[in-house]
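# Topology and contacts: notes
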Amino acid sequence: MSTAHAATAGHVQTTTATGIPNGKLGMWVFLASEVMFFTGLIGAYIVLRMGNPAWPGSDGHLSVPLGTANTFILLCSSATVVLALGADQEGAIANVRGWLLMTILLGLAFLGIKIGVEYASKIEHHIFPSTNVFWSCYYTLTGFHGLHVLAGVIFNLWVLATTFNGSAWPDQHRRLEFAGLYWHFVDIVWLFLFPLLYLF
Amino acid sequence: MTHPASGTRTYLAIWVWLAGLMLLSVVLAQLAISKTAIVLIVLGLSTIKALLVALYYMHLKIDRRLLTFIALVPFIIVLFALGVLCSSRFVRL
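Residues numbered from 1 in each chain as written. Chains lettered and ligands numbered in written order. Predicted model: local features only at pLDDT ≥ 70, side-chain atom pairs only at ≥ 80, totals over all residues. Heavy atoms only, no water.

### Some details on the overall build of chain B
When helices and strands are counted, chain B shows three helices and zero strands. Taken from the N to the C terminus, the helices and strands of chain B come in the order α-α-α. Expressed as a percentage of its 93 residues, the buried residues of chain B come to 38%. In chain B, of all internal contacts separated by at least 6 residues, the share reaching a separation of at least 24 is 61%. (Helix = DSSP H or I, 4+ residues; strand = E, 2+ residues; numbered from the N terminus. Buried < 20%, exposed > 50% of the residue type's maximum accessible area, 1.4 Å probe, protein only. Contact = heavy atoms within 4.5 Å.)

### A closer look at the nonpolar core
Of all hydrophobic cores here, the largest spans 89 residues; its most connected members are Trp28(A), Tyr45(A), Phe134(A), Tyr138(A), Leu176(A), Tyr57(B) and Met58(B). Residue assignment for this core shows that the elements contributing at least two residues are helix H1 (22-50), helix H2 (64-89), helix H3 (93-124), helix H4 (133-163) and helix H6 (174-199) of chain A together with helix H1 (8-30), helix H2 (35-57) and helix H3 (65-87) of chain B. Broken down by element, the residue count for this core peaks at 18 residues, all from H6(A). In terms of domain composition, this core takes at least three residues from each of domain 1 (1-62) and domain 2 (64-93) of chain B. When residues no more than four places from it in sequence are discounted, the contact partners of Trp28(A) are Leu181(A), Met58(B), Leu60(B), Leu67(B), Ile70(B) and Ala71(B). (Core = buried A, V, L, I, M, F, W, Y, C linked by side-chain atoms within 4.5 Å. Domains from an automatic or database assignment.)

### Quick word on the interface of chain B and chain A
Listed as interface residues are 45 residues of chain B and, on the opposing side, 47 residues of chain A. Across the pair Lys24(A) and Asp63(B) runs a salt bridge whose closest N-O atoms are separated by 2.5 Å. Seen at the junction of chain B and chain A, the total is three residue pairs in polar contact (both at pLDDT 80 or more). Looking at the side of chain B that touches chain A, the elements that each hand over two or more residues are H1, H2 and H3 of chain B. By residue class, the composition of the side of chain B that touches chain A is 32 nonpolar, eight polar and five charged. (Salt bridge = Lys/Arg side-chain N within 4 Å of Asp/Glu carboxyl O. Polar contact = N/O pair within 3.5 Å; in protein donor to acceptor, adjacent residues only side chain to side chain. Nonpolar A, V, L, I, M, F, W, Y, C, P; charged D, E, K, R; others polar.)

### Considering the packing of H6(A) against H2(B)
The contact between H6(A) and H2(B) brings their axes to 9 Å, and the two run at 170°. Put simply, H6(A) runs roughly antiparallel to H2(B). Residue-level contacts link His184(A), Asp187(A), Ile188(A), Leu191(A), Phe192(A), Pro195(A), Leu196(A) and Leu199(A) of H6(A) to Val42(B), Leu43(B), Ser46(B), Thr47(B), Lys49(B), Ala50(B), Val53(B), Ala54(B) and Tyr57(B) of H2(B). Classifying every residue of the contact of H6(A) with H2(B) gives twelve nonpolar, three polar and two charged. (Axes fitted to C-alpha atoms, helices over the stretch in contact; angles between N-to-C directions. Parallel < 35°, antiparallel > 145°, perpendicular 65-115°, else oblique.)

### Observations regarding the pattern of salt bridges
All names here are of chain A. Tallying each qualifying case throughout the model produces three salt bridges over all chains. Residue Lys24 is joined to Glu177 by a salt bridge in which the shortest nitrogen-to-oxygen separation is 3.0 Å. Here Glu177 lies in helix H6 and Lys24 lies in helix H1, a separation of 153 residues in the sequence. With a relative accessible area of 3%, Lys24 lands in the buried category. Between Lys114 and Glu118 there is a salt bridge, and its shortest N-O distance comes to 2.8 Å. Highlighted residues: Lys114 and Glu118, both in helix H3, separated by four residues, approximately one helical turn.

### Things to note about H4(A)
Taking 1.5 Å per residue, 31 residues should reach 45 Å; H4(A) reaches 45 Å between its end C-alpha atoms and fits that length. Where H4(A) starts, the residue carrying a side-chain oxygen 2.9 Å from the main-chain nitrogen of Phe134(A) turns out to be Asn132(A). (Expected span 1.5 Å × (residues − 1).)

Have a look at this one:
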């Protein structure tokens, strides 16, 4: 794939045969593979649930308000990361840092509620993955999703650190878009996990 | 990279829609109506929310069509897999 570079307005513009930067194309292909990963997990959950006439369920141990709060937090973080991208397009680096920092804090808040409140409460009530098939699914689905949120937080932290390298940022600012794409994907996965685990 | 059509106002409007649809899902799930209807409606709302995020926050609406095709490929496979899964005699519908 042939590439050409030209510096415009402080940012390096890259052209490719597809018209899409290689990194962005790679991120989308990666996200497509991630869809298949979560489809496998969610598919297993559906098979287990629909094939089990005596589905144990959460038995009142899952808090819908907490799940709703976490969903709202992820929705807010999706907005803040795309606002960071908008700020970058305007060249407002201070705003980029502010929105990115807020995204990171919202991601940490999500993990704090998930691990510090929800998991802690389950463990306190002696509810483990081995308790029954529902909790096996719950810990597996939310655990893998939580790991993806953690990876997103680290990715965003790395991008935030890069913004402080004034000479490198014009060449590396696309990483903000890649981090944003990954973060939105993590949000989309939760939009399906929340009703499947908490509402039905 | 540059998406002049997707301004701050659009991002905030989508955020309001996402939050509203999320609250609607939670309220609908508490209603005493057919569980099958609730599952279909709430998962339908989740799909709409996912589309809003993909189209406006991930910029598929204004980005190159190739990216939309890449994004759609796994969902075609997912639909096929769900079709096989739901038609399985091991699954009670």
